[in-house]
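# Analysis of the macromolecular model
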Amino acid sequence: MRLDKFVADAAQLTRSAARGLIAKGRVTVNGQVCKKADYALKEGDSVCADGKSLASEEYVYIMLNKPAGVVSASTDGRDKTVVDLLGGAYPRRQLFPAGRLDKTSTGFVLLTDDGAFAHDILAPKRHVPKTYRVVLDAPVTPAMVEAFAAGVTLADGQTMQPALLIPDEADPFTATVVLRQGVYHQIKRMFGVLDVGVNGLHRTAIGGLALDESLAPGAWRLITPEEKALLQGSAEG
Ligand code: URA
């Protein structure tokens, strides 16, 4: 495929806007600036515009570091959404968050327009682990670790699947939690029945893919095919 068509398709630009970007030297192919709009791309070539990798695929997969105060939705009448944080990128795609984080929670949100992929990551029977850093209003005790491992029963009677709770060695008010299911407000409710408040909740990984810590709150980037494979490799069944 010609470079200008690829850039136009991937960055959702008109062909002439794509040519403008290429002429200004803002597009690289395999790390080298390429100013030839008719450059013939080969299989596996990696194209970036302004340092951001452009997806050649049918679907888009984005890793976003959600700041507090933003809702995990595509649109919202009142609050800023994770899709708003993309700043108008991919306007013709129906992007949505694959899995939610509470408005007050921060960290890794995966955005995509690939419904089947999102289903694979989210379906309870696929058991994709989600990892969180939590800051608590009480130190973690061995009894709490055991309760998480046994499966906490929420106030409404639902018993959660066993979960990992690992206190920080240096600070027992901070811990890592690993869940394999996604019940509404699950972590806050699990700690709630143990009379512990959650002051901070940050998702650090989905399956085998960790949040890129170089992404500032609110920043995002496309995930690489290798990272996508890491996510898919985490799904069971
Ligand atoms: N559990 C919660 O309570 N909140 C989140 O945002 C994620 C997991």
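Our subject is the structure listed above.
Bear in mind the structure is a predicted one, so any value in this text is a computation, not a measurement. Starting afresh in each chain, residues are numbered from 1 along the sequence in its written order. Local features are withheld for residues below a pLDDT of 70 in this predicted model, meaning they are given only at 70 or higher, and side-chain atom pairs are given and counted only at 80 or more; totals for whole chains, interfaces and linings count all residues. With hydrogens and water set aside, each side-chain value is computed from the structure's full complement of heavy atoms.

An α-helix turns once per 3.6 residues; consequently, residues spaced three or four apart project the same way. The classification of residues rests on relative accessible area computed with a 1.4 Å probe and restricted to protein chains. Under 20% of the type maximum is buried, over 50% is exposed, and intermediate values are partly exposed. The way it works is that DSSP assigns letters per residue, a run of H or I at least four long becomes a helix, a run of E at least two long becomes a strand, and they are numbered from the N terminus. Of the residues making up helix α5 (residues 186-193), those classed as buried are Q186, I187, M190 and F191. Within α5, the buried residues cover an arc of 125 degrees as seen down the axis, which keeps them to one side. Where α5 is buried, its residues touch β8 (130-136), α4 (142-150), β9 (164-167), β10 (174-179) and β11 (198-206). Phi turns positive, to about 65 degrees, at D195, one or two residues after α5. In this description, one arc is meant: the one made by directions from the helix axis to the C-beta atoms. We call two residues in contact when some of their heavy atoms are within 4.5 Å.

This part covers the pairing of strand β5 (residues 61-66). In terms of burial, β5 is largely enclosed, as six of its six residues are buried. Burial along β5 is two-sided: the face carrying Y61, M63 and N65 and the face carrying I62, L64 and K66 are both buried. Any two strands with at least two DSSP bridges between them are considered paired. Sheet analysis places β5 next to strand β7 (residues 106-112), joined by six bridges and oriented antiparallel. Pairing of Y61 across the sheet is with T112, part of β7. Two strands pair when backbone bridges link them, and β5 and strand β13 (residues 220-222) are joined in this way by three bridges, in the antiparallel orientation. Opposite L64, over in β13, you have W220 as the bridge partner.

Right, let's talk about the site of the ligand for a bit. The near set for a molecule or strand comprises every residue that places at least one heavy atom within 4 Å of it. Taken together, L101, D102, S105, Y132, H185, Q186, I187, K188 and L201 make up the full set of residues adjacent to the ligand. Polar contacts, as counted here, are pairs of nitrogen or oxygen atoms within 3.5 Å of one another; within protein the pair requires one atom able to donate a hydrogen and one able to accept it, and residues that are adjacent in sequence qualify only if both atoms are side-chain atoms. Between the ligand and H185, the relevant distance is 3.3 Å, taken from an oxygen atom to a main-chain nitrogen or oxygen of the residue. Here an oxygen atom of the ligand sits 3.5 Å away from a polar atom, N or O, in the main chain of Q186. All accessibility values rest on the Shrake-Rupley procedure with a 1.4 Å probe; residue burial counts only the protein chains present in the view. Out of a free accessible area of 240 Å², the ligand has 95% covered by protein chains. Here the shell around the ligand gets three residues from one element, more than from any other, and that element is α5. Charged means Asp, Glu, Lys or Arg here, nonpolar means Ala, Val, Leu, Ile, Met, Phe, Trp, Tyr, Cys or Pro, and polar covers whatever is left, Gly included. When its residues are assigned to classes, the shell around the ligand shows four nonpolar, three polar and two charged.

Moving on: the packing of aromatic side chains. To pair, rings of Phe, Tyr and Trp, with the six-membered ring standing in for Trp, must have centres within 6.5 Å; the planes then decide the type, stacked if under 30 degrees apart, edge-to-face if over 60, and tilted in the middle. Here the structure, examined in full by the defined rule, presents two aromatic pairs. For the pair Y61 and F117, a centre-to-centre distance of 4.9 Å together with 70 degrees between the ring planes defines the contact as edge-to-face. Highlighted residues: Y61 in strand β5 and F117 in helix α3 (residues 115-122), separated in sequence by 56 residues. Take Y61: its relative accessible area is 5%, and that puts it in the buried class. Exposure remark for F117: the relative accessible area of 3% places this residue in the buried category. For the ring pair F148 and F191, a centre distance of 4.8 Å and an interplane angle of 45 degrees mean the geometry is tilted.

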